[in-house]
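Next come the chains, spelled out residue by residue.
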Amino acid sequence: MPKRQRLDLLATQVELLTEYWQQGMRDLSDPRVAEAAVSAHLTENQVKVWIKDTWTKNSTSASTLGKLTNISCKRRVSGYNLYSSSLKKDGIGFRQWATKWKQLSDEKKKFWEKEGEKATLAERLAPMSEKRIKHLKNRQLKIIYR
């Protein structure tokens, strides 16, 4: 199967398609795709490819990442998880963790839950690397744009 030829658009065509994009033409089934194709002297498929490319470029660009703020990127540490980690260190297998947790007194469970809250707070206050922040924001974008 031969490769599809690369489409080189003229500056006027790009400007026209960008105007349609800014007016909300983001869906491939949008009726404005046909209108944009006629006015830019392109086929509908070429316009759809341009939309896909623009969508991909915009969803992964740094400017889009910069718009995302106040995203909670950290998970809560539970008391059960901390307790399980301590059991793991003691060499107890994971199949026994839930049983051991059930056997704990309410007082001990509260202790582990408070330890989890402390660990969560400490983790939230610790700085994250730029790479980790970018990864988590990209993940949020994928969820948003599904």
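Residues numbered from 1 in each chain as written. Predicted model: local features only at pLDDT ≥ 70, side-chain atom pairs only at ≥ 80, totals over all residues. Heavy atoms only, no water.

A look at the nonpolar core
What counts is decided by this rule: Buried Ala, Val, Leu, Ile, Met, Phe, Trp, Tyr and Cys residues form a nonpolar core when they are joined through side-chain atoms within 4.5 Å. Buried, partly exposed and exposed residues are distinguished by accessible area as a fraction of the type maximum, computed with a 1.4 Å probe on protein chains only: under 20%, between the cut-offs, and over 50%, respectively. Secondary structure counts use DSSP, requiring at least four H or I residues in a row for a helix and at least two E residues in a row for a strand, with both numbered from the N terminus. Note on contacts: a residue pair is in contact if any heavy atoms of the two residues lie within 4.5 Å.
Counting 12 residues, the largest nonpolar core is built from Leu-17, Tyr-20, Trp-21, Met-25, Val-33, Ala-36, Ala-37, Ala-40, Leu-42, Val-47, Trp-50 and Ile-51. Where this core is concerned, the elements lending two or more residues are helix H1 (11–22), helix H2 (32–40) and helix H3 (44–60). Among the elements that take part in this core, H2 stands out by supplying 4 residues, more than any other. Other than its neighbours up to four places away in sequence, Met-25 contacts Leu-17, Tyr-20, Asp-30, Arg-32, Val-33, Ala-36, Val-47 and Ile-51. Listed in part, the 6 residues of the second largest apolar core include Tyr-83, Leu-87, Trp-97 and Trp-101.

Brief notes about the packing of aromatic side chains
Applied cut-off: Two aromatic rings from Phe, Tyr or Trp, using only the six-membered ring of Trp, form a pair when their centres are within 6.5 Å; if the ring planes differ by under 30 degrees the pair is stacked, by over 60 it is edge-to-face, and anything between is tilted.
Enumeration according to the criterion identifies 6 aromatic pairs in this entry. Seen in terms of ring centroids, Tyr-80 and Trp-101 are 5.5 Å apart; in terms of plane orientation they differ by 90°. Their pairing is edge-to-face. Placement of Tyr-80 in helix H5 (residues 79–89) and of Trp-101 in helix H6 (residues 97–103) is noted, with a sequence separation of 21 residues between them. Overall, Tyr-80 belongs to the partly exposed group, its relative accessible area being 27%. Judged by relative accessible area, Trp-101 falls into the buried class, the value being 14%. Between Phe-111 and Trp-112, the ring centres sit 5.5 Å apart and the planes meet at 75°, which makes this aromatic pair edge-to-face. On the accessibility criterion, Phe-111 (41% relative accessible area) is partly exposed.

Bear in mind that shape data such as this cannot, by itself, settle questions of function.
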